[in-house]
Amino acid sequence: MAYASGSDYFPSQAVSDLEKMTQEYGLKVARAIQSEWFGGKTSRYQEGYSQRSRYGNSVNNFHNLRLYARGEQSIEKYKNELSINGDLSYLNLDWKPVPIIPKFVDIVVNGMSQRNYEISAFSQDPSGVSKRTKYMESMLKDIRSKDYNDLVQKEFGINAYENDKEKVPETTEELELHMQLDYKQAIELAQEQAVNTLMEGCDYDLIKRRCLYDLVTIGIGATKTNFNYSDGAKVEYVDPANLVYSYTNSPYFEDVYYISEVKTMPINELVKEFPNLTESQISEILKKSPSYVESTVRQRSNEVTVLYFNFKTNANDVYKIKKTGTGADKVIKKDDTFNPPEDMDGDFSRLDRVVEVMYEGALVLGTDKLLKWEMASNMMRSKSDFGKIKMNYNIVAPRMYDGRIQSLVSRITGFADTIQLTHLKIQQVMNRMVPDGVYLDADGLAEIDLGNGTNYNPQEALNMFFQTGSVIGRSFTSEGNPNPGKVPIQQIQNGSGSNKLQTLITTYNYYLQMIRDVTGLNEARDGSLPDKNALVGVQKLAAANSNTATRHILQSMLFLTAEAAECLSLRISDIVEYSPTKEAFIKAIGAHNVATVEELKELHLYDFGIFIELTPDEEEKAMLENNIQVALGQGLIDLDDAIDIREVRNIKLANQLLKVKKKKKKDRDQQEKQQNIKAQSQANQQAQQAAAQIEIQKDQAKGQTQMQLEEAKSRFKAEYLQQEAQVKKDLMKLEFEFNSRLQSGERSVKSQQESMREDRKDQRVDRQVENQQAVKEGKPIKKFESSGNDIVTGGVGLDM
């Protein structure tokens, strides 16, 4: 036997699987759990045995802590402190506890309930990893061949990129961020949508708040994941006070081999769940169960207490390997007792492996009635580690040591008790305090003569004293002796109670500050006492330090959420693969995202890792925003970069993205600067080329003008010569005509002369005389022949 506990023992696990499936084996397990937590034999409680069991101590401890968290703790201890021999007749006090602890509990629970998170699914099966690897290699190829792809697209108009050019990162560092921030496979999106849908369906936000309250109050939180064909997969809240489990020193309970839950229910509900119960069995259960259960379990006469438990053990998967006539291997499922003998005819062999399995059982406490004992029909196994199973219960106790659990409330109950006693003492002092009074010496008043005939009696003296603060007295009596009552009215100071009251108030504030010091919940956490002289940054720093003191509670809640999401993820595979409600489930999720419907049908083929991405709190957001503003102020990033960084919920990734954006902005600015220099150089070169071109154009225009001028001159000269030639031609023609006429006239004259010579000799003599006379007078004889005008420019003459 193994696992000794109390008077019973856990049965050995080194037995066959067939024996583990028997009711006798299950009853031994149930009895061992009952003995370890409830003391075993019922007669101990029936005979009035006063010692509490382990379960009773746990329930009582959790109950007291919850009363403190509500400000409803028992006041008997305070009465015992203030009573004298049990007598409280002389005390008239308000015994209601001061609700100090509820304030701190609400601060932590409400503050953490506002922290949002996102469930991220990561496909870790070979298919998903292969897709991710291929995509990353494709991106790396595009990064390395970017220049070549741009050249091909520019020269030939062909897109050589394997991915969208706009989404291709520029460096491997950007690729890493891209894979974490932007890359999501369709099957991963479908899984995330499915998990979120199931969580919304079971109101997980309310379950989370209850678990947070338990973690703060009693130091332990628990949930349970169920699966059935009618309701599907869902997460339920579990009261840790009703849980019993095997010994563990781990805050995450990953090494427990049994977990049980105590449920008290009406007998009719039990009959609905187990309809095979007979009337005699029901009667026996009602007779034995109430007498067994301790007072810590509230139970009525028609109710029974049932212990539901999960027991983790191992099983042997045994297969018979047989060679067929064709040479192939045939695999046949066998139980773990199969062991083929060596002399057996045929080629047989045994193949086995050891895997974890879980049995589910139910026992009515106080009886030996085992209502249920069977191997779980749909155990949660990760495809990446098929040999391990996950229990239905998820438990976490962040401050557990050697089985003892510590909570935030348990740290401060002693201080809360002292504060309550101080509060009662303050009431007691206030009840016993009396107001200040006056002492009146009546004999001193008798010696006073006002001199106006009025009587100076005690009442008149008191009226004058209270209205004016003045008093009349005599130093000597009427006989001339010293008057001992010369001051007839004296004020009595009853101030001793005020000093006690101030001391008690100081004590009250001291222990209140002790609670803040022990829990780390300072004034800045709730803003109850902000320092008007402190800067806002100092206040935020103090609040951040307070958050650090309670971060283990938030991390525990995130652990429960991640475990619940992972269990739902495994349950979704069961729904898609086995449940008859598969189509309805797919349609319910696909209603939000139609594109995921096809992926959901293949969901059971994948294996997912579930991660919780916590949204940053105000302090983290403030630090990130400060970094963004500094980068914007120095021009290290653009506004678009700041918007992209603010959209990242993970602070670590946001800071990495800020670094990448800063580097890209620097490279972009440097590239723009180089482009500006290049553009300026090109502009200068173009300006010089333009100036040189203008000079060339000016020279060309000047040459063309001169050429045109020369051409015009040549043209004018040619025209002039043409006109001159034409004029000379006309002149020569005219001269020719004149010469012709002249010659014709001369011939005519000669002819007439010859004819008239004889006849007119006298006239000739007279003409000769006239010519001679003309010669003498120096007058030329007129000739009709041109002289020097028959030569054309260029030396061409018209002489015959």
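This is a predicted model, so every value here is computed, not measured.

About the criteria used
- Residues numbered from 1 in each chain as written.
- Predicted model: local features only at pLDDT ≥ 70, side-chain atom pairs only at ≥ 80, totals over all residues.
- Heavy atoms only, no water.
- 1 Å grid on protein atoms, 1.4 Å probe; cavity = no way out; pocket = protein on both sides within 12 Å on 5 of 7 lines; lining within 4 Å.
- Points joined across faces, edges and corners; volume = space filled by probe spheres on them.
- Helix = DSSP H or I, 4+ residues; strand = E, 2+ residues; numbered from the N terminus.
- Axes fitted to C-alpha atoms, helices over the stretch in contact; angles between N-to-C directions.
- Parallel < 35°, antiparallel > 145°, perpendicular 65-115°, else oblique.
- Contact = heavy atoms within 4.5 Å.
- Nonpolar A, V, L, I, M, F, W, Y, C, P; charged D, E, K, R; others polar.
- Phe/Tyr/Trp six-rings, centres within 6.5 Å; stacked < 30°, edge-to-face > 60°.
- Buried < 20%, exposed > 50% of the residue type's maximum accessible area, 1.4 Å probe, protein only.
- Lys NZ or Arg CZ within 6 Å of the ring centre and 35° of its normal.

A. Structural view of the layout of surface pockets. If you add up the space inside the largest pocket, you get close to 1,300 Å³. Surrounding the largest pocket, 39 residues form its lining, Leu177, His178, Gln180, Leu181 and Asp182 being those nearest its centre. Elements supplying a minimum of two residues to the lining of the largest pocket: strand 3 (117-123), helix 9 (172-181), helix 10 (186-201), strand 19 (608-614) and helix 25 (651-757).

B. Just the packing of helix 4 (residues 54-70) against helix 11 (residues 204-217), in detail. At a closest axis distance of 10 Å, the pairing of helix 4 and helix 11 adopts a crossing angle of 105°. When the interaxial angle is binned, helix 4 and helix 11 end up roughly perpendicular. Contacts between helix 4 and helix 11 involve Leu65, Arg66, Ala69 and Arg70 on the former and, on the latter, Tyr213, Asp214 and Thr217. Grouping the amino acids of the contact of helix 4 with helix 11 by side-chain chemistry returns three nonpolar, one polar and three charged.

C. Structural detail: the packing of aromatic side chains. Counted under the stated rule, the structure contains 15 aromatic pairs. With centroids separated by 5.3 Å and ring planes inclined at 75°, the aromatic side chains of tyrosine 257 and tyrosine 258 adopt a geometry described as edge-to-face. Summarising the burial analysis for this pair, tyrosine 257 and tyrosine 258 share the class buried. Aromatic side chains tyrosine 257 and phenylalanine 311 sit 6.2 Å apart centroid to centroid with 85° between the ring planes, which places their arrangement in the edge-to-face category. With tyrosine 257 in the loop between strand 6 (243-245) and strand 7 (258-266) and phenylalanine 311 in strand 8 (residues 303-323), the pair connects residues that are 54 residues apart, well separated along the chain. For the pair shown, tyrosine 257 and phenylalanine 311 are each scored as buried. The ring of tryptophan 37 has arginine 54 lying over it, and the distance from NZ or CZ to the ring centre is 3.8 Å. If you follow lysine 79 out to its NZ or CZ, it ends over the ring of tryptophan 95, 5.6 Å from the centre.

D. Summary view of the environment of glycine 71. Tracing the backbone through its elements, the reader meets glycine 71 in the loop between helix 4 and helix 5 (76-82). Residues glycine 71 and proline 102 lie 31 residues apart in sequence; the distance between their C-alpha atoms is 6.2 Å.

E. Up close: unusual backbone geometry. The backbone of aspartate 203 shows a phi angle near 55°, a positive value even though the residue is not glycine. Examined against the element boundaries, aspartate 203 turns out to sit in the loop between helix 10 and helix 11. The backbone phi angle of aspartate 402 is positive, close to 55°, even though this residue is not glycine. Inspection of the secondary structure assignment puts aspartate 402 in the loop between strand 15 (400-401) and strand 16 (404-405).

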